[in-house]
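Notes for the structure review
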Amino acid sequence: MKKISTGNKAVAEAVKQLVPAVVAAYPITPQTEIVEQIAEFVSSGELKSRYIAVESEHSAMAACIGASITGVRTFTATSSHGLLYMHEMTNWAAGARLPIVMANVNRSLGPGWNIWAEHTDALQERDTGWLQVYVSTVQEAYDATIMAFRIAEHNDVLLPVMVNLDGFLLSHIMQPLDTVDVGDFVPPIHLPHAIDVKNPTGYGGLTGPDQQFKFRWDIERSIRDSVKFIEATEKEFAKRFGRKYGFTEDYQCTDADVIIVAMGTLGKEAEVAVDLLRKEGIRAGSMRLRWLRPFPKLDLKGKQVVVIDRDYSFGRGGILATEIMAQTKEDVFSVIAGLGGQEVTYEDVAGFVRKRRMGEEFWFGVNTNV
Amino acid sequence: MFEIRIHSRGGQGGVTAARLLALAAIHDGKYATAAPFYGAERRGAPIVSFVRIDDRPIRIYSQIKKPDMVIVLDASVMDVVDVLQGLKAGGRVLVNSAHPREFKGFVSGHVDLTGIALKENLVVAGSPILNTPVIGALAKQGIVSVDSAKKAIREMFSDERNVKVAETAYEEMSA
Amino acid sequence: MIDPRSHDSVHRSFHNHLQELNTIPEIPKEEFILKCTSACAGCSDSLALRYVLKAAGPDTVLVVPACCTSVIQGIYPNTAFNVPVYNIAFASAAACASGMSNAFRAAGKKTNVIAYAGDGGTLDIGIQAMSGAFERGTDFLYICYDNEAYGNTGMQRSGGTPLGARTTTTPTGKTDNKKDIDAIIAAHDPPYQATACAAYPQDLFKKVAKALTFRGPTFIHILAPCPPGWRYSTEKSVEMGKLAVKSGMWVLYEREYGKLTIGAQSKAAIKKPIPLEDYLAPQGRFKGIDPKTVEILKQRIAKNLAKLTAEEAAP
């Protein structure tokens, strides 16, 4: 069914289809519309979920963990400081092998209080064992949320999945949305290690130095296995619903000399920069990275790479740039742009490409010598 | 691509106006996006919303710098904000006003949205509803079709007076 | 550190002395909230804060977690408040204030440390830190201005939202009671706590001035009617506050070393309350409230007033 929706409401629409038994969430700008819409669905009876208005984000994830281990589907949403406050428990959720799905609306970190788009919040969760996907349109927010449940709940994955949307730039804008009837695309959840009073067992108790490392390896093995299940899920989605997704969204990369790599809405707007550059005779392409974890094998051989990081790791560099260089073993032109919602247009992006200097880092708005 | 910037104050429905316009354009078979520029929740502060309409999918998220059209839902905003900033030469201006407004170098238009809303007693929390009548005015200007404008209004609002004020604004607006 | 054995008696005599000096406080003219805040029209938070700062004076630091006040300050590079304001993460106002107070006192400074937070940041996410700060006898004033929802993020329900009230996350009315944070604070045995209301600024001024004469943790809970949240027109904030008190839905009182005194306005309300409906009807958030819920609210009000009356009368 065709309609118009904000990114936030599209996520809520997808959740409505998946009927999590429990949604536990806490409000934070710019996520609030997601939980408000879900609360409204629950209130009107359209969604038969229990909505727990918890008293903090740490409790939101703890509540999701408690619900999930009983073997039911769960969902939450947060952003920025809420995600950070949850951090102890996001680690816990992955370690407990729970297929919780969470929407994170990417927002910067204070001080000062800044409510606009930045990716550092979710990127600080990259070590936790959560799978992470970054979307760039309202339609993709809807589709990715549906697929997230199927991927998370696959019995060879059983890891939580975070769906990231840019704060305000995607969460609050309206774009067309085509909703689907999910049907059996996401089968009913079956959690093999769910609590069973007839078969009692302890969960997450004291574990010694001779054992713990094995559980850590289990997480890694599952995240590596998830690659093929992500691919299969996206393929099946394309077959059933007609929209194709991959680990990256590539635009004019095949014959490109220089490729722009970015995530989220900037990754999409970069396509417009590519069109502009091509008119000038520069063979540019854009590669919008969708899945951050598991981090995919990127096809960048023989290309110059301009990485735009809407994030930073202090003392080290742009996080995407760092990860890409580790994989390709090549220098990139690392652009740091968009922090705290800093305005970055396709014209700016075209400028980054025109003035690229391989092996250097450029802070947009700070450096004046590029 | 046609880019529109809407100026209003928080609580007047400027964001909803953008959404309505985008929805109407989509019903016209176009691609459209609507975006507010937000600060924290606050009534009375000047805000802007953006609408882009195109025949192809829209891949731009950054703010509209060179609009083709500017809509001013609250004329008092013009005292504090340069509403014409970036407006393309020969671009259109539509002001919510009972009196004509001239903006040199641009195609100026006015319609008394407030008066139209008040006449139907279409007022919520002390503010006259401006976003539904303005869609009618925009239909007269050919930005969206009349049918799609009505369809969009009915999808977003249950009160049929919203259609009526759009029709009135259509009548009163010069083409 | 205050020696707990001598704390009470030393305090009482010091305190009585100050009370003699301040029998009729004049409200100073100096303003600490400058023009052009980012507050909504009709904002009770800024009204309350105006009097809080007049009572506290310039030797004051406000510790402000995420809440409406974070926004009211305005945007960098400006600040609308003429005292230092330390903005801190949502959960940790009281913890931050605890550290700050200890640091000031260690340096021999008497600077007022006031944690100034909304109901969400006090009753919900901030309760752990507040309880800890109170249990440790921290020398600070904690003020909770209560607009009965998460205002900054667009009016979602909080622990402070009353039964039956509509918010964006309780679209058909909240089904849980308002958390009694004053009772929770009382259980920590602070030297002073009070309730106040933005509609009674002189009463609020006196209470803040009094609270700041105590050493140790003090608490003031201010009802802050909120036009966009409660859905009434912006010029009626003071009227709403008065209706809240006159209906008994909000009670003005103080506890000094645990001894309760009910305020005159509430005593009058206990004697002759206005019907609760008079308070609920003008607010959009109570529109369509189930009469059964109104009945429950009335019973709870009656029970609360009886309990407070009995407590006040007890020796």
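Residues numbered from 1 in each chain as written. Chains lettered and ligands numbered in written order. Predicted model: local features only at pLDDT ≥ 70, side-chain atom pairs only at ≥ 80, totals over all residues.

Topologically, A313(C) is positioned in helix α13 (residues 291-313). Using a count of 8 C-beta atoms within 10 Å as the deciding quantity, one classes A313(C) as exposed. (Helix = DSSP H or I, 4+ residues; strand = E, 2+ residues; numbered from the N terminus. Buried ≥ 20, exposed ≤ 12 C-beta atoms within 10 Å, placed from the backbone.)

Below, the discussion takes up the nonpolar core. Grouped together as the largest cluster of nonpolar side chains are 265 residues, with contacts concentrated most on L21(B), I135(B), V63(C) and I222(C). Taken together, domain 1 (2-241) and domain 2 (248-363) of chain A each give at least three residues to this core, which thus spans both. (Core = buried A, V, L, I, M, F, W, Y, C linked by C-beta atoms within 7 Å. Domains from an automatic or database assignment.)

With that settled, the discussion passes to helix α3 (residues 131-140) of chain B. Residues and elements named next belong to chain B. Of all ten residues that make up α3, nine are buried, and the element is covered over most of its length. The set of residues buried in α3 consists of N131, T132, P133, V134, I135, G136, A137, L138 and A139. Among the residues trailing α3, G142 stands out with phi positive, at a value near 85 degrees.

To continue, consider the interface of chain B and chain A. Contacts between chain B and chain A engage 16 residues on the former and 18 residues on the latter. Mapped onto the side of chain B that touches chain A, the elements with two or more residues apiece are α1 (14-27) and β2 (31-37) of chain B. Tallying contributions element by element places β2(B) first for the side of chain B that touches chain A, with five residues. (Contact = placed C-beta atoms within 7 Å.)

All right, on to the sheet that holds strand β2 (residues 85-87) of chain C then. Residues and elements named next belong to chain C. With mixed pairing, the eight strands of this open sheet are ordered in space as β2-β1-β3-β4-β6-β5-β7-β8. Two strands close off the open sheet at either side, each with one partner strand: β2 and β8 (259-262). Each neighbouring strand pair of the sheet contributes to a mean axis angle of 20 degrees, computed without reference to strand direction. The sheet contact formed by strand β1 (residues 60-64) and strand β3 (residues 112-118) spans four bridges and is parallel. In the sheet register, V63 faces β3, and the bridge partner there is A115. Taken strand by strand, helix α4 (residues 93-106) contacts β1, β2, β3 and β4 (140-146), and its axis lies near 175 degrees from that of β3. (Pairing = 2+ DSSP bridges. Axes fitted to C-alpha atoms, helices over the stretch in contact; angles between N-to-C directions.)

In this section: the sheet that holds strand β9 (residues 248-251) of chain A. Residues and elements named next belong to chain A. Strand order in the open sheet formed by six strands is β9-β11-β10-β13-β14-β15, and the pairing between neighbours is mixed. Both outer strands of the open sheet, β9 and β15 (361-363), are each paired with one neighbouring strand and no more. Geometrically, the sheet is characterised by an average inter-axis angle of 20 degrees between neighbouring strands, direction not taken into account. Seen against the sheet, helix α9 (residues 264-279) touches β9, β10 (258-262), β11 (284-289) and β13 (304-309) and runs at an angle of roughly 175 degrees to β11.

Once that is clear, we can look at the packing of α1(B) against α3(B). In a packed pair of helices, the relevant descriptors are the angle between the two axes and the axis-to-axis distance. All names here are of chain B. Where α1 meets α3, the closest approach of the two axes is 9 Å, and the angle between their N-to-C directions is 40 degrees. It follows that α1 is oblique to α3 by the angle criterion. In terms of crossing hand, the pair formed by α1 and α3 is right-handed. For the pair formed by α1 and α3, the contact residues are T16, A17, L20, L21 and A24 on the first element and N131, T132, V134, I135 and L138 on the second. For the contact of α1 with α3, a count of residues per class yields seven nonpolar, three polar and no charged. (Parallel < 35°, antiparallel > 145°, perpendicular 65-115°, else oblique. Left-handed = near helix turned anticlockwise from the far one by under 90°. Nonpolar A, V, L, I, M, F, W, Y, C, P; charged D, E, K, R; others polar.)

The next point concerns the confidence of the model for chain B. Low-pLDDT stretches of the model should not have their predicted coordinates read in fine detail. Within chain B, residue pLDDT values average 92, and 96% of them lie at 70 or more. At the low end of the mean pLDDT range in chain B sits strand β7 (residues 123-124) of chain B, at 85; at the high end sits strand β4 (residues 69-72) of chain B, at 97. (pLDDT = per-residue confidence, 0-100.)

Quick look at helix α2 (residues 44-56) of chain C now. Residue and element names in this part refer to chain C. Between the first and last C-alpha of α2 there are 18 Å, a value that for 13 residues agrees with the 18 Å anticipated at 1.5 Å per step. Buried residues dominate α2, accounting for twelve of its 13 residues. Taken together, the buried positions of α2 are occupied by S44, D45, S46, L47, A48, L49, Y51, V52, L53, K54, A55 and A56. Count one or two residues on from α2 and you reach G57, which has phi positive near 80 degrees. (Expected span 1.5 Å × (residues − 1).)

With that out of the way, let us pick up the packing of helix α1 (residues 7-18) of chain A against helix α2 (residues 32-44) of chain A. Residue and element names in this part refer to chain A. It is the contact of α1 with α2, at a shortest axis distance of 8 Å, that shows an interaxial angle of 40 degrees. Looking at the two axes, α1 sits oblique to α2. Relative to α2, α1 is oriented so that their crossing is right-handed. Taken together, the residues of α2 that come into contact with α1 (itself represented by N8, K9, V11, A12, V15 and K16) are E33, I34, Q37, I38 and F41. Looking at the contact of α1 with α2, its residues break down into six nonpolar, two polar and three charged.

Turning to unusual backbone geometry, a few remarks are in order. Excluding glycine, residues mostly have negative phi values, and the peptide bonds linking residues are mostly trans. The amide bond that connects G110(A) to the next residue, P111(A), takes the cis arrangement and shows omega of 0 degrees. Take P111(A): it is sitting in the loop between β5 (101-106) and α6 (120-123). The step from P111(A) to G112(A) runs through a cis peptide bond, and the omega angle for that step is -5 degrees. Summarising the element assignment, G112(A) is placed in the loop between β5 and α6. The backbone of N121(B) sits at a positive phi, close to 55 degrees, despite the residue not being glycine. One can find N121(B) in the loop between α2 (113-119) and β7. Phi is positive for E148(C), close to 60 degrees, though the residue is something other than glycine.

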